Each structure stands twice: as structure tokens, then as C-alpha cells.
Amino acid sequence: MSDDKSRRDQVRNRNKKTLASANPQEAPSREDNKPGLATRRTAHRLMGAIIDKRTSLDALTDDQNGNPHYLALEARDRALLRAILMVALRHRVELDLLIDSYVDKALPAGATALRNVLHVAFAQILFLDIPDHSAVDLAVESANRDPRLKRFASLINALTRRAVRHKDAALKLIKKSTPRSSTRFSDRLIEVYGPDKAARIEAAHRLEAPIDFTVKVAGEIEYWASELGADILPTGSLRIGALETDIQALSGYQQGAWWVQDTAASLPVKLFGELDGKLALDLCAAPGGKTAQLLAMGASVTALDMSANRLRRLAENLERLRLGAQCKLAATSLFDFEPDQQFDAVLLDAPCSSTGTVRRHPDIPWTKTWHDIEKLADLQSRMLDNAAHFVAPGGQLVFSNCSLDPLEGEEVVRRFLADQDGFKLRPVDPAQVPGCEDRISSEGFIRTTPADLTFKSPHLSGLDGFFAAIFERIN
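Residues numbered from 1 in each chain as written. Predicted model: local features only at pLDDT ≥ 70, side-chain atom pairs only at ≥ 80, totals over all residues. Heavy atoms only, no water.

### Examining the sheet that holds strand E3 (residues 238–240)
The four strands are arranged E2-E3-E1-E4 in an open sheet whose pairing can be described as antiparallel. Each edge of the open sheet is held by one strand with a lone partner, namely strand E2 (231–232) and strand E4 (258–260). Pairing of strand E1 (residues 211–215) with E3, which is carried by three bridges, proceeds in the antiparallel orientation. Bridge pairing in E3 places Asp212 opposite Arg239. Seen against the sheet, helix H12 (residues 221–228) touches E1, E2, E3 and E4 and runs at an angle of roughly 10° to E3. (Pairing = 2+ DSSP bridges. Helix = DSSP H or I, 4+ residues; strand = E, 2+ residues; numbered from the N terminus. Contact = heavy atoms within 4.5 Å. Axes fitted to C-alpha atoms, helices over the stretch in contact; angles between N-to-C directions.)

### Overview of helix H5 (residues 75–90)
Compared with the 22 Å implied by 1.5 Å per residue over 16 residues, the 23 Å span of H5 between its first and last C-alpha is a close match. Taken together, the buried positions of H5 are Arg78, Leu81, Ile84, Leu85, Met86, Val87, Ala88, Leu89 and Arg90. (Expected span 1.5 Å × (residues − 1). Buried < 20%, exposed > 50% of the residue type's maximum accessible area, 1.4 Å probe, protein only.)

### What to know about unusual backbone geometry
The linkage connecting Ala286 with the following residue, Pro287, adopts the cis geometry, with an omega of 10°. Tracing the backbone shows Pro287 in the loop between strand E5 (279–282) and helix H14 (289–296). If you check the backbone angles, Arg54 has positive phi at about 55° while not being a glycine. Structurally, the position occupied by Arg54 is in the loop between helix H2 (37–53) and helix H3 (57–60). Relative accessible area serves as the criterion here: at 39%, Arg54 is assigned to the partly exposed category.

### Looking at the environment of Leu379
Residue position: Leu379 is located in helix H17 (residues 370–387). Placed 33 residues apart in sequence, Leu379 and Val412 show a C-alpha to C-alpha distance of 9.7 Å. When neighbours within four sequence positions are excluded, Leu379 is seen to be in contact with Phe335 and Pro351.

### So, the packing of aromatic side chains
In total, this model carries nine aromatic pairs according to the counting rule given. Ring centres of Tyr102 and Phe122 lie 6.1 Å apart, and the angle between their planes is 55°; on these two criteria the pair is classed as tilted. One end of the pair, Tyr102, is in helix H6 (residues 92–102); the other, Phe122, is in helix H7 (residues 112–127), and 20 residues separate them in sequence. Classification of Tyr102 as buried rests on a relative accessible area of 11%. Aromatic pair Phe213 and Trp258: ring centres 4.7 Å apart, planes at 70°, arrangement edge-to-face. Of this pair, Phe213 sits in strand E1 while Trp258 is found in strand E4, placing the two residues 45 residues apart along the sequence. You can call Phe213 buried: its relative accessible area is 0%. Aromatic rings pair up to connect Phe213, Tyr253 and Trp258 into one cluster. Here the guanidinium or amino end of Arg92 rests over the ring plane of Trp366, the centre of that ring lying 5.5 Å away. If you follow Arg320 out to its NZ or CZ, it ends over the ring of Tyr253, 4.0 Å from the centre. (Phe/Tyr/Trp six-rings, centres within 6.5 Å; stacked < 30°, edge-to-face > 60°. Lys NZ or Arg CZ within 6 Å of the ring centre and 35° of its normal.)

### Quick notes on the packing of H6 against H7
Following both chains from N to C, one finds H6 and H7 inclined at 100°, their axes separated by 10 Å at the closest point. The angle between the axes of H6 and H7 places the two elements in the roughly perpendicular class. Residues Arg92, Leu95, Asp96, Leu98, Ile99, Asp100 and Tyr102 of H6 touch H7, and the partners they reach there are Arg115, Asn116, Leu118, His119, Phe122, Ala123, Leu126 and Phe127. Class assignment of the residues belonging to the contact of H6 with H7 gives a composition of nine nonpolar, two polar and four charged. (Parallel < 35°, antiparallel > 145°, perpendicular 65-115°, else oblique. Nonpolar A, V, L, I, M, F, W, Y, C, P; charged D, E, K, R; others polar.)

### What about the state of the cysteines?
Counted under the stated rule, the structure contains zero disulfides. Free of any disulfide, Cys284 has its nearest cysteine sulfur in Cys352, 10 Å distant. Cys402 forms no disulfide, and the closest cysteine sulfur to it belongs to Cys352, at a distance of 3.6 Å. Residue classification places Cys402 among the buried positions, given a relative accessible area of 16%. (Disulfide = S-S within 2.5 Å.)

### Some words on the environment of Lys53
One can find Lys53 in helix H2. The exposure class of Lys53 is partly exposed, given its relative accessible area of 40%. Along the primary structure Lys53 and Arg313 are separated by 260 residues, whereas in three dimensions their C-alpha atoms are 28 Å apart.

### A few points about the pairing of E1
With five of five residues buried, E1 is to be regarded as a mostly interior element. Judged by which residues are buried, E1 turns out to be covered on both faces: Ile211, Phe213 and Val215 on one side and Asp212 and Thr214 on the other are all buried.

### Considering the nonpolar core
Side chains that are nonpolar tend, in soluble globular proteins, to be buried together. With 38 residues, the main nonpolar core has Phe272 and Val433 as its most contacted residues. Those residues in contact with Val433 that sit more than four places away from it in its chain are Leu267, Leu271, Val428, Ile440 and Ile446. (Core = buried A, V, L, I, M, F, W, Y, C linked by side-chain atoms within 4.5 Å.)

### Side note on the environment of Ala286
By the element assignment, Ala286 lies in the loop between E5 and H14. Sequence separation of Ala286 and Lys368 is 82 residues, and the distance between their C-alpha atoms is 21 Å.

Set out below in C-alpha cells:
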């Protein structure tokens, strides 16, 4: 356990150094006083941190510990910056192809700062409701303020103006192109899912994800569907299109009637079946959607998370939902946890590469590597082996994560079954995952992808990529 703790400390320290290098502590320049300029210059900086340093967008735009240039922006400008970066990252490959088609001579090798300015400008021109002249002017002005880019200001002006003049043709070109993310990510999808399914997954990644809700009281699903103007999914979740409105302003939020949770993320807990009166353990609990599910299903829950801050947010969420009374919280890892009892239901929703959530986190194809996936798969195996000790005889253990890669799912489970003789796999019951019955594998696992759960409207289709398996302790 001490070796694991040392390793985790090393990872935390390395992450802090990475974020610090992407977050220079100098005060934002007072020269960025032209309306909108500071937002665009910050977008360029953050794009560079994502692509060059593989720093996550969430870390850079955290409202408490994010990049100082981001924190210096007003709330409205922060929202605009995130919208620009989300679109630019979703379409990065297509934007590169478009830029290259506009130039007679290839851009200088390694000119990532130049490409970042162009990507930010093109994203606004082609996909966002921002005046074209503003996108062009601010891109040129930003280049003029940067010694590295000043010599490219006229080129940026010419290319962005061409994008404005030929906007319809550019959008047609992008629509016709085969959706691809970073080469390593796209190649791995093709290797695992084949070219057709991989293309459908990547097409889904280009769309902003809808919003799903889990209703606390099952008997109130139809009522809240009506109140929210939502569709009821076969899985039992509610779904609405992407919102510009604050979630907290929606009906039912203050009453704690529901919580936001992608329908795929709601599936693992459903595999337990009846939980009323049982003892449950959630080993990686924050942000708390699955913890809330366990509680709403009648379990007494112990919820673990290594981060005290994340655990505080979880507690706040449970308080809003009026579910905190039957939940014990522990700021620790499962490697250090020493309970005085075993549990009827143990959930390990393990940390992973999160490649199943690219619709919501389009930076992932650019920040995660194969080495990351291998390390996370090894960690998941060790966590699953340790989680087995907490399961009471006859109890159930669910392993899940939001990765699309079988190295983090199927392979982890197969290794566990080969090493553990006290557990047997219980094939997923189709009745527990309505609407996703066809996502149960011949081995009895369930795996979803963003290309699944399709409806007439692409913007209301799909779900996160998730893997889950359930085991029963037999001795």
C-alpha cells in the first residue's frame, strides 16, 4: 500500500508541475484592453497548453484553480472561451485540412501557435454566432501583439477573410470529410471497432451531447419529463437538447428531484438489481451520480474519494437531493480504506482515459496517449483486486469505466477472473438495461459507444462510451 501511495503522490506532483507550466503566473497583459481580445489571446494560450503540453481543458478552465488568464476573464467571456475551444477541438482535423487547402505553400513546420490562432478564428467564423469581422479583426490584432506571430498577421488576415467569403463551401468540405480526431486516437478506434463503427463514433464526437437526467423517484419520471419538456429514454433517463440556460434554473433542481447524469453512466448501478436495505460501497464516488443512485434505490452507502474537495462537492449534491442521511463519506483511496465490515454491493467506477466522453471533452484525443491507457489499465486491475476484499459472501461487485478501449474494460475483467477463484461473472440481465440490450457482449459484459442509442435527430442521439461487468462472490 505504501508503494501505491508513493506512486499516487508522484502522479499528483507531476500533474501539478504540468498544470503550472501551462499556467504561467504572470498577470494578464494590460494591453489586452480591446473588447474581446483578452478572450481570444487566452484561447490561443490554452489551445497551446492542450495540444503541446497535453493539459486537460477542464484543468485549464477550472473556476478556482484554472489558468490565471482564464480566471481574469468575466464569467460571460469564460463561457465564450470554452465554447470556442470546444468547437475548435471537435473539428481540429477538418480545420487543419481547410487551412492547408487555402495556402499555396505549407505553413512552417512546428508553427503550432499560428495554427492555434487560425483554429480559434475559423471556429468562430464557421460554427459560432459571432460577427465575422470581429473574428477576423481579433485574430489579426492578437498576432500583432505577439512577437512570434507578428510576421504572420497579413497571412492570418488573408486566410480568415477567405474563410468568411467561402463559408458555405468550407462547411460543405468539412461535412464531406471523414471525421477523424488525432491520428493515434482514430487509428485505435478503427483497430477496435472497425472502420464503419469507428467513423460513426467519430461523427457522434462532432456533435454537442444532449443533457440527460436521472429522476430520484422512479414514479415521478413522467411528471418531470413533462415539466422539463424532456423525452423519456428506454433506459429510464430523461433527455433534452444541449442548453444555454443554467441547469440550476430548471424546474426541479432546487427541490432535488433529479440530477444530471448521462444515461450510460446510470447503467452500472442498475446491474445490482434490488438494493433496498443493503450495505453498499462506492469506491470512487465523486461527483456522486452513482452514489445518488445507490441511495435512491434504498441502500445505506459508504462513499470514498481521494479528494476532500470533490467529496465536499458530492456532499453538497447529496444535500440538495435530500439523500445525505444514509451516506457515510470517507476522504481516502480504496488502497488505504480499512472498513470494519464487508458490503452487499461494491461499485468500482474506476479512473480511466475517459475516451467514451469525447463528446463532452473534445480535448481527450489530444491529451491522452497509449501509454496513459496502459498505465490506467494496470491501475484498474490493482483496484479491482483490492475491491474484491470488501465484498461480503454472496455479495456483488460491479466494475465500470467510461473508456472505449478494451484494454481498460474487457481485458481488466478477464485478468480478474483468471486470478480470482472466489468470484464468478454474472452476465448482464437485458431486463436491467432496456434500450441497450444489444450492447451486451457474448461474454456477458455491457459496452456502449457514442454511436449507439440512435434516434431520428442526431442531436438527441447517442450516449457516452461505457463498460461494465458484474461479479458475484461465491466463497
